[in-house]
Amino acid sequence: MKIGIDVIKFYTARYYLEANDLAQSRDVDSGKYFKGLGIKKISVMPPDEDIITMAANAGKEVLRYVDINKVDMLLFATESGVDQSKSSGMWVHKLLNLPETCRVVELKQACYSATAAIRMAFAMVYQNPESKIMVIASDNARYELNSPGEPTQGCGAVAMIISTNPRVLSLQNKAGVYAKDAMDFWRPNYRTEPFVNGGYSIELYLKALSESWKQYSLISGNLFDQHYKFCYHSPFPKMAEKAHAHLFKENNNHEIDKSLLKTEISGSLKYGRIIGNTYTASLYICLISLLENTKENLAGKIIGLYSYGSGCIGEFFSVVIEAGYKEVISAELHDKLLNTRQRVSISQYEAYHNFSDKMVEGNHNIPHYEDGQFRLFGFKDHMRLYEELE
Ligand code: HMG
């Protein structure tokens, strides 16, 4: 029985910051952002957008392709949760009019939780082949202003349906995992931005890659060369390039050629270069980018995927692309979404960044910015208020 991703779409906020503008304002050589980190633009959330509105926008696109009444579970993966108790998925359940018989839960383990959600969905669909599970990964990758992490911000959501007879790809059920308690990146409940040990986080990312790959290749029997392309969790595109060069060298005992590096991963990085980090959505935006920006037919090809979440867990697994995938991907939709965003100035970006729902007490209306189909319009008695736009 084939189980995998039947439909997959993403959404990102309607504003962006040019990396060049940020570099100039922070008195940094723009070469560091463009070449050193591989970033051109980052998506910026206005105050009336959040992980829930982004998730609902991505979810709405997915629901155009499936019978909503068959969706029996929503797994919401995030590390930018808005409530200590209620799952962000409950608001999405309402905004999307999901059936009352659909279970809802939120999952967290830094950037890894979407992969955990997919694993859980796989097991549930295996038990009940009629089941259609919606997995949503939605995050606002936020660092302190003027910090080294600032150019690696971004925001976005990916929604997908996991089911039998998938139209996009089948999941192979052999994965390698490496987990270890570590303090490379963490955000205590009282903070709006994380603490980061940047160099250590890169070291751990690569260590978890080596270890999870070894286990994966051992139990799957798949060799490096059997993977047609690779997708990596991409906190910034250069990290994915470093990761691929690292894995190649471990498997081939010599450095990767630049043009091969480009062939094997550059399609997956096109969207991330102009969106930025999206934490748990990042790997799956890379996957969509690969599917939509690779000219040759990927049907039947094996793609290697590496998911990493600080704290830390790495998982290496693979998927096989299905014959009809081109009929359910949306390159035009996503291109339009990205190319119609409004550019923000540094002062606008800082004002949006400084808006925090932690400052909102009692009743408060939020001005209307450029949005997708859903917006957060205010707070009343500490409750979040959402609306769907015409
Ligand atoms: P930094 O200290 O500002 O930068 O931090 P740097 O000095 O290390 O420079 C970065 C690169 O730019 C270097 O390249 C420089 O040589 C180059 P490398 O040597 O690494 O190949 N460079 C230049 N290149 C061209 N022209 C120039 C120039 N100047 C310098 N003029 C760091 C960088 C990524 C650490 C920082 O941005 C950071 O802390 N980011 C957040 C943490 C992060 O993204 N970690 C990645 C792995 S952990 C992860 O992926 C999990 C995560 O997504 C969270 C989660 O799981 O929830 C973050």
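So, here is what we can say about the structure in this document. (Residues numbered from 1 in each chain as written. Predicted model: local features only at pLDDT ≥ 70, side-chain atom pairs only at ≥ 80, totals over all residues. Heavy atoms only, no water.)

1. Here we look at the site of the ligand
Our working rule: Think of it this way: one heavy atom of a residue within 4 Å of a molecule or strand is enough to make that residue near it. What qualifies as a polar contact is a pair of N or O atoms within 3.5 Å, subject to a donor-acceptor requirement within protein and to the restriction that residues adjacent in sequence count only when both atoms come from side chains. All accessible areas in this document rest on Shrake-Rupley with a 1.4 Å probe, and a residue is counted as covered only by the protein chains that are shown. Counting from the N terminus, the helices are DSSP H or I runs at least four residues long and the strands are E runs at least two residues long.
In the vicinity of the ligand there are 27 residues, among which Lys-32, Glu-79, Cys-111, Pro-148 and Lys-242 approach most closely. Asp-29 is positioned with one of its side-chain polar atoms (N or O) 3.4 Å from a nitrogen atom of the ligand. One of the backbone N or O atoms of Ser-310 is found 2.8 Å from an oxygen atom in the ligand. For the ligand, whose accessible area on its own is 1,100 Å², the fraction buried by protein is 71%. Elements supplying a minimum of two residues to the shell around the ligand: α2 (30-37), α6 (198-220), α7 (237-252) and β13 (302-309).

2. Side note on the sheet that holds strand β18 (residues 383-388)
Note the cut-off: In this description, strands pair whenever DSSP reports at least two bridges between them. A contact between two residues is defined here by any heavy atoms of the two lying within 4.5 Å. Lines fitted to C-alpha atoms define the axes here, with helix axes fitted over just the stretch in contact, and angles between the N-to-C directions of these axes take values from 0 to 180 degrees.
Strand order in this open sheet of three strands is β16-β17-β18, and the pairing throughout is antiparallel. The open sheet has two free edges, formed respectively by β16 (364-365) and β18, since each of these has just one partner strand. Note: β16 against strand β17 (residues 374-380), two bridges, orientation antiparallel. Residue pairing for β17: Asn-365 is matched across the bridge by Gly-378. Relative to the sheet, helix α3 (residues 51-63) contacts β17 and β18, its axis offset from that of β17 by approximately 145 degrees.

3. Let's talk about the pairing of strand β2 (residues 15-18)
Condition: Exposure is judged per residue with a 1.4 Å probe applied to protein chains only, and the accessible area is read against the type maximum: over 50% gives exposed, under 20% gives buried, and values in between give partly exposed.
Of the two faces of β2, the one lined by Tyr-15 and Leu-17 and the one lined by Tyr-16 and Glu-18 are each fully buried. One ladder, built from four bridges, connects β2 with strand β3 (residues 41-44); its direction is antiparallel. Considered in β3, the bridge of Leu-17 is made with Ile-42. The pairing of β2 with strand β15 (residues 342-343) spans two bridges and is parallel. Of the residues in β15, the one forming a bridge with Tyr-16 is Arg-343.

4. Remarks on the packing of aromatic side chains
Put simply, the test is: Here is the rule: rings of Phe, Tyr and Trp (six-membered ring for Trp) pair when centre to centre is within 6.5 Å. Planes less than 30 degrees apart are stacked, more than 60 are edge-to-face, and the remainder are tilted.
The tally for this structure, following the rule as stated, stands at 19 aromatic pairs. Where Tyr-205 meets Tyr-308, the ring centres are 5.2 Å apart and the plane angle is 50 degrees; that geometry is what we call tilted. Of this pair, Tyr-205 sits in helix α6 while Tyr-308 sits in strand β13; the two residues are 103 residues apart in sequence, bridging distant segments of the chain. Summarising the aromatic geometry, the rings of Tyr-216 and Phe-316 are spaced 5.0 Å apart at their centres and angled 45 degrees between planes, so their arrangement reads as tilted. Highlighted residues: Tyr-216 in helix α6 and Phe-316 in strand β14 (residues 313-321), separated in sequence by 100 residues. Comparing Tyr-216 with Phe-316, the two get one shared label, buried. Taken together, the aromatic side chains of Tyr-205, Trp-213, Tyr-216, Phe-224, Phe-230, Tyr-232, Phe-248, Tyr-306, Tyr-308 and Phe-316 make up a single cluster linked through ring pairs.

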